[in-house]
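Understanding the architecture of this molecule
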Amino acid sequence: MKRENQMTFGNRREARFEREPARRVFAAELREARHQFKEGTEEKSPTYVLLPTGQRCNRAFVVGSMTEKMRQGEQNIFYRARVVDPTGTTFVTAGNYQPEAMQQIARVEPPAFVAVVGKPNVFEAPDGGGVYISLRAESVTVVDRETRDLWVLDAAKATLDRIDAYGTTEDSKKAAEEYRIDPALFRKTVADALAQMHL
Amino acid sequence: MDLSIVAERISQKILSKGKNVDQKEIEAKLRLLVDEFGVQPAEAERTVINELGREYQVQGLAGAVETDRHAIAELVPDEWVTIEGKVVGLSAPNSPSIAQTGIIADASGAIRFVVWAKAGAPCLEQGRWYRVESAVVDAFRNAPNLKIHSGTTVTAIETDKPLLPSVVNVAELKPGVASVHVKMVQEWEARSERILQTGLVGDPTGTTKFTIWKEEGKEPLTSDTVYDIYYATVDEYNGRLSLVLNSGTVVPDEEAELDVGAGGQVYGGAIVHVGQGSGLVKRCPVEGCNRVLSRQNYCPIHEIQPEFRYDLRIKAVLDDGVTTKNILMQRETTEAAAGLTLDEAVELAENSPLGMDEVFLRVQSAVMGRYLDCRGRDMDTTVLVTGAERHRFDPAALAALIDRAGGEA
């Protein structure tokens, strides 16, 4: 019997655009990230930063206390903000190319809990003062303490998941070569961060 | 099966119509089909009967193949079947090669049928019982479909058997035909001019999409009203089910109360993006349109619509750190998630120099970065959220993570 009308599943549609997930990463790990790479050769190919626990990261989600913000530049206004989590400080920037995030930072009165979604960006200090990483903000929103607490648990879980998968994925093998950091170090970071929550 | 017996049977049949055919010739035809082409004997018998019927211009030979009577609910594709059922729905055929389409039911369930124009079957009437012999069950879009072809015998039967539709739970729906007892819970923006109404209906086991196509005499459902829907067709498209009410009978049950189970799935994560078009929107007031208007009150179909109506929604991205989901919250969910009612939003927009942007900013700052547990259904590219709750801090989760990290509490 013919079944010509049967629906065929699978590849029924070409691959659609997949948004890059926002990785949960503590400041202590993010500041160690150095290795930046591009997947594919096209101009629009995404750029990733390789996290030391072995996962590529094109976008990050961080919730912490904005303790300070600085407005820089005359013609090209540019904001830098410090966002502190239980493990350290993440630098968040927003310039003319991120007008929405810039206006959002402008409205924040530190200290305040903020949720930041942004793209990691590795750069070298002009005076040869070393390599830094910051998050170029896509959005900065004032949130409540509970959201911050939830994020600490979320980042802890994500970091532990990455450590558990360490050595089993291509990205983590690459991380082992690039960084030579024992991931057990980050397990300690997570434990310390969680211990602070308990207080 | 001994083909000579089959050949004799066929020969007798034709003889009874006053024509004489050589039995050997019949047997040779049968053998060719069975031995050379691997055709099942029953199918071969049917084929030969049809062939001879045409050749000798004899009518009424079909239906000679004995098939057992089947319960409609148990029909599976690729079977020859005989059923007795009542025609409970007829619809307009969409091709000249089809004489009739509709739904036939017995006490066990119901099935869609199609009568091919070439079948030469009598015209079926709604509400009458028929015995359908030697029809074929086929699958059309994963739903079983009864094909009445030239080899099928259809006889009207007189019976006063009462027919009670077998009602199923929403969670048990599968492609085909079904009767449900449901409450209309949501109306959606219709994407096509041909749609009278689309939205969600549900019962305690879950919810499902429904569609009513524009057709003479069709009425839209009323929100929050319970209905008995008999013999609706259940379609499957891209892995999700949709109840099409046009074929069915819709009876409101105004007394009834029904709790609608959420169904769907819970998606957890943080809101990492709030899209344009979130917040206050204006919708086209033309019945059945409901499209979002531009800032200048322009509907892509109905042009300028100054008598628009306001609505509140959120289009956002929910991200759990591994995957992202586009989500859509409609008015009620948005009101709860943003802590802002539609009336308040309208007032805010009318009194702020930023207008509707003010509502967007307010909604954005209320949900961005927040951890939400969104209950809903994945509609291919977007999760339609029917309920969203703030994820709450759980000390047990903290304790479990401390254990996992190997730290001391």
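Since the model is a prediction, treat every value here as computed from it, not as a measurement. (Residues numbered from 1 in each chain as written. Chains lettered and ligands numbered in written order. Predicted model: local features only at pLDDT ≥ 70, side-chain atom pairs only at ≥ 80, totals over all residues. Heavy atoms only, no water.)

Regarding the interface of chain A and chain B
- Contacts between the two partners involve 46 residues from chain A, matched on the other side by 45 residues from chain B.
- Across the interface of chain A and chain B, roughly 3,800 Å² is buried in total on both sides, 55% from carbon and sulfur atoms.
- Taken together, the connections running from chain A to chain B amount to five salt bridges.
- Residue Arg404(B) is joined to Asp161(A) by a salt bridge in which the shortest nitrogen-to-oxygen separation is 2.7 Å.
- The interface formed by chain A and chain B includes 12 residue pairs in polar contact (both at pLDDT 80 or more).
- The element best represented in the side of chain A that touches chain B is helix 3 (residues 145–165) of chain A, accounting for 12 residues. (Contact = heavy atoms within 4.5 Å. Buried area = accessible area lost by both parts, 1.4 Å probe. Salt bridge = Lys/Arg side-chain N within 4 Å of Asp/Glu carboxyl O. Polar contact = N/O pair within 3.5 Å; in protein donor to acceptor, adjacent residues only side chain to side chain. Helix = DSSP H or I, 4+ residues; strand = E, 2+ residues; numbered from the N terminus.)

Examining the packing of aromatic side chains
- Enumeration over the complete set of coordinates arrives at five aromatic pairs over all chains.
- Note on Phe308(B) and Tyr310(B): the rings are 5.1 Å apart at their centroids and 75° apart in plane angle, and the pair reads as edge-to-face.
- Given the relative accessible area of 22%, Phe308(B) is considered partly exposed.
- Residue classification places Tyr310(B) among the partly exposed residues on the basis of a relative accessible area of 21%.
- Geometry around Phe37(A) places Lys174(A) over its ring, the cationic atom sitting 3.6 Å from the centre.
- Directly above the ring of Phe308(B) sits Lys282(B), whose terminal nitrogen or CZ lies 4.8 Å from the centroid. (Phe/Tyr/Trp six-rings, centres within 6.5 Å; stacked < 30°, edge-to-face > 60°. Buried < 20%, exposed > 50% of the residue type's maximum accessible area, 1.4 Å probe, protein only. Lys NZ or Arg CZ within 6 Å of the ring centre and 35° of its normal.)

Quick notes on the nonpolar core
- Counting residues in hydrophobic clusters, the biggest one holds 88 residues, and the most contacted among them are Phe61(A), Val140(A), Trp151(A), Leu194(A), Ile271(B), Leu280(B) and Ile327(B).
- With eight residues, helix 3 of chain A is the largest single contributor of residues to this core.
- Ignoring any residue separated from it by four or fewer positions in sequence, one finds Phe61(A) in contact with Ala22(A), Arg23(A), Arg24(A), Val25(A), Ala115(A), Val116(A), Val117(A), Trp151(A), Ala270(B), Val272(B), Gly369(B) and Tyr371(B). (Core = buried A, V, L, I, M, F, W, Y, C linked by side-chain atoms within 4.5 Å.)

A look at the pairing of strand 17 (residues 309–319) of chain B
All names here are of chain B.
- Most of strand 17 is tucked away, with eight of its 11 residues classed as buried.
- In the sheet, strand 13 (residues 265–274) pairs with strand 17 via four bridges, with the strands oriented antiparallel. Note on strand 17: the bridge partner recorded for Val274 is Ala316.
- Note that strand 17 and strand 18 (residues 324–329) share six bridges and pair antiparallel. Note on strand 18: the bridge partner recorded for Asp319 is Thr324.
- Between the antiparallel neighbours strand 17 and strand 18 lie four residues, among them Gly321 with a positive phi of about 95°. (Pairing = 2+ DSSP bridges.)

A look at the packing of helix 2 (residues 23–37) of chain B against helix 3 (residues 41–55) of chain B
Residues and elements named next belong to chain B.
- Their axes nearest at 9 Å, the elements helix 2 and helix 3 cross at an angle of 135°. With respect to helix 3, the axis of helix 2 lies oblique. Seen along the crossing, helix 2 lies across helix 3 with a hand that is right-handed. Along the contact surface, helix 2 presents Glu25, Ile26, Lys29, Leu30, Leu33 and Val34, while helix 3 presents Pro41, Ala44, Glu45, Thr47, Val48, Glu51, Leu52 and Glu55.
- Among the residues making up the contact of helix 2 with helix 3, the classes are represented as eight nonpolar, one polar and five charged. (Axes fitted to C-alpha atoms, helices over the stretch in contact; angles between N-to-C directions. Parallel < 35°, antiparallel > 145°, perpendicular 65-115°, else oblique. Left-handed = near helix turned anticlockwise from the far one by under 90°. Nonpolar A, V, L, I, M, F, W, Y, C, P; charged D, E, K, R; others polar.)

Quick notes on the domain arrangement of chain B
- When the domains of chain B are assigned, the result is domain 1 (3–55), domain 2 (72–157), domain 3 (170–252) and domain 4 (265–390).
- Placing a centre on the C-alpha atoms of domain 1 of chain B and another on those of domain 2 of chain B gives a separation of 26 Å. (Domains from an automatic or database assignment.)

Here we look at a negative patch on the surface
All names here are of chain B.
- A contiguous patch of negative charge, built from Asp224, Glu257, Asp259 and Glu332, is present on the exposed surface.
- Residue position: Asp259 is located in the loop between strand 12 (249–252) and strand 13.
- Note on Asp259: relative accessible area 65%, which makes it exposed. (Patch = residues over 30% accessible without salt bridge, like charges linked within 9 Å, V, L, I, M, F, W, Y side chains within 5 Å. Areas by Shrake-Rupley, 256 points an atom, 1.4 Å probe, with all protein chains shown as cover. Lys, Arg positive; Asp, Glu negative; His and termini not counted. Charge placed at Lys NZ, Arg CZ, Asp CG, Glu CD.)

Comments concerning unusual backbone geometry
- Each neighbour pair has its own omega, and for Pro110(A) with Pro111(A) the value is -5°, a cis peptide bond.
- Examined against the element boundaries, Pro111(A) turns out to sit in the loop between helix 2 (99–107) and strand 8 (112–124).
- A positive phi is found at Asn297(B), a non-glycine position, where the angle reads about 65°.
- Position of Asn297(B) relative to the elements: it lies in the loop between strand 14 (279–283) and strand 15 (298–299).

So, the packing of helix 1 (residues 3–16) of chain B against helix 2 of chain B
Residue and element names in this part refer to chain B.
- Relative orientation of the contacting elements helix 1 and helix 2 amounts to 130°, with a least axis distance of 9 Å. If you check the angle between helix 1 and helix 2, you find them oblique. Helix 1 and helix 2 meet at a crossing whose hand is right-handed. Within the contact between the two elements, helix 1 uses Leu3, Ser4, Val6, Ala7, Glu8, Ile10 and Ser11 and helix 2 uses Gln23, Ile26, Glu27, Leu30, Arg31 and Val34.
- Partitioned by chemical class, the residues of the contact of helix 1 with helix 2 number seven nonpolar, three polar and three charged.

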